[in-house]
Amino acid sequence: MMRVGVLALQGASAPHLEAFAALGVAAVAVRRAEDLAALTHLVIPGGESTTIRHLIDLFGLEKPLVASFRAGTLAIFGTCAGAILISNDVAGQAPRRFGLLDATLARNAYGTQVDSFDAPLEVVADRLDDGNPLRGTFIRAPRILAVGPRVEVLATRDGEPVAIREGRAMAATFHPELSADLRLHRAFLAQGT
Ligand code: GLN
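A. Molecular detail of the packing of aromatic side chains. Within this structure, the stated rule accounts for five aromatic pairs. With a centroid separation of 5.2 Å and 75 degrees between ring planes, the pair formed by Tyr 110 and Phe 117 is classed as edge-to-face. Aromatic side chains Tyr 110 and Phe 138 sit 5.6 Å apart centroid to centroid with 65 degrees between the ring planes, which places their arrangement in the edge-to-face category. Taken together, the residues span a long stretch of sequence, with Tyr 110 in the loop between β6 (101-106) and β7 (117-123) and Phe 138 in strand β8 (residues 134-138) at a distance of 28 residues. The two residues Tyr 110 and Phe 138 agree in class, both being buried. Aromatic ring contacts, followed pair by pair, group Tyr 110, Phe 117, Phe 138 and Phe 174 into a single cluster. Lying across the ring of Phe 69, Arg 168 places its NZ or CZ 5.0 Å from the centre.

B. Local environment of the packing of helix α1 (residues 13-22) against helix α6 (residues 183-190). Running from amino to carboxyl end, α1 crosses α6 at an angle of 75 degrees, the nearest separation of the two axes being 10 Å. By the criterion of interaxial angle, the relationship of α1 to α6 is roughly perpendicular. Contacts between α1 and α6 involve His 16, Ala 19 and Phe 20 on the former and, on the latter, His 185, Phe 188 and Leu 189. Partitioning the contact of α1 with α6 into residue classes produces four nonpolar, two polar and no charged.

C. Main features of the site of the ligand. Gly 46, Gly 47, Glu 48, Ser 49, Cys 80, Ala 81, Ile 84, Arg 107, Asn 108, Ile 139, Arg 140 and His 175 make up every residue found near the ligand. The contact in question runs from an oxygen atom of the ligand to an N or O atom on the side chain of Arg 107, over 2.6 Å. Here His 175 contributes a side-chain N or O atom positioned 2.8 Å from a nitrogen atom of the ligand. Its free accessible area being 300 Å², the ligand has 97% of it covered by the protein chains.

D. Representation of unusual backbone geometry within the structure. Phi at Cys 80 is positive, roughly 55 degrees, even though this residue is not glycine. Assessed through its relative accessible area of 4%, Cys 80 is described here as buried. Positive phi values are uncommon outside glycine, yet Asp 158 reaches one of about 50 degrees. With respect to the helices and strands, Asp 158 occurs in the loop between β10 (152-157) and β11 (160-166).

E. View of the nonpolar core. By size, the foremost hydrophobic cluster in this structure holds 32 residues, and its most contacted members are Leu 7, Leu 42, Ile 44, Ile 86 and Phe 98. Elements that contribute at least two residues to this core include exactly β3 (41-44), α3 (49-58), α4 (62-71), α5 (81-86), β6 and β12 (169-172). Of the residues forming this core, the biggest block, five residues, is contributed by α5. Ignoring anything within four residues of it in the chain, the contact list for Phe 98 reads Ile 44, Arg 53, Ile 56, Glu 62, Leu 65, Val 66, Arg 70, Leu 85, Ile 86 and Ser 87.

F. Main features of the pairing of β10. Sheet topology places β7 next to β10; two bridges connect them, and they run antiparallel. Looking across to β10, one finds that Val 123 is bridged to Ala 155. When β10 meets β11, the two strands line up antiparallel, connected through five bridges. By the bridge assignment, Val 153 is partnered in β11 with Ile 164.

Each value, and the rule that gives it
Residues numbered from 1 in each chain as written. Predicted model: local features only at pLDDT ≥ 70, side-chain atom pairs only at ≥ 80, totals over all residues. Heavy atoms only, no water. Phe/Tyr/Trp six-rings, centres within 6.5 Å; stacked < 30°, edge-to-face > 60°. Helix = DSSP H or I, 4+ residues; strand = E, 2+ residues; numbered from the N terminus. Buried < 20%, exposed > 50% of the residue type's maximum accessible area, 1.4 Å probe, protein only. Lys NZ or Arg CZ within 6 Å of the ring centre and 35° of its normal. Axes fitted to C-alpha atoms, helices over the stretch in contact; angles between N-to-C directions. Parallel < 35°, antiparallel > 145°, perpendicular 65-115°, else oblique. Contact = heavy atoms within 4.5 Å. Nonpolar A, V, L, I, M, F, W, Y, C, P; charged D, E, K, R; others polar. Near = heavy atom within 4 Å. Polar contact = N/O pair within 3.5 Å; in protein donor to acceptor, adjacent residues only side chain to side chain. Areas by Shrake-Rupley, 256 points an atom, 1.4 Å probe, with all protein chains shown as cover. Core = buried A, V, L, I, M, F, W, Y, C linked by side-chain atoms within 4.5 Å. Pairing = 2+ DSSP bridges.

This is the structure we're talking about:
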């Protein structure tokens with residue numbers, strides 16, 4: 001059975017919970033290690049990656065989270081700050097990562113909060129293509145500088161990857177939960193564990 005959680009320590013967890021509700025899935029807010037038990041899917045939302053990281057450490061969430069992922073029972077979708085936290089490498093100053101996704105990111109690569117923007121995205125993965133571009137809301141977003149050979153690019157902006165996936169790990173540098181277009185959430189659930 002599918003059991004979906006959204007890490008709710010800091011950042012944009014509520015709109016992710018609403019996105020899943022709109023898809024008919026009752027997702028749960030995850031704050032403690034015991035909330036992780038029996039989850040099949042976990043979103044690590046946007047927010048402030050250093051703060052989220054600090055709270056993950058404080059509540060002892062790293063071990064169970066990484067163990068479930070590596071055991072093949074948990075799929076993880078990191079958006080924005082969440083993408084930073086699950087990647088292998090981040091250029092410059094960054095919190096410690098889980099290293100679940102073979103990609104190099106740069107934090108705050110589009111500028112500060114005032115440089116936040118909304119943009120149409122090119123859909124690369126056929127299963128996401130419904131003939132329309134995706135819309136991405138970028139809020140102090142990171143940039144994906146490089147991806148490993150096993151990484152699938154799902155969507156790009158100006159040819160640059162902004163949504164990617166490697167096995168059970170998926171990442172978007174923008175906030176898909178702030179759009180009514182829930183193709184990425186649906187794809188995350190469909191990919192299983
Ligand atoms: N700039 C934030 C960070 O580096 C991410 C912003 C976001 O998640 N919207 O953690």
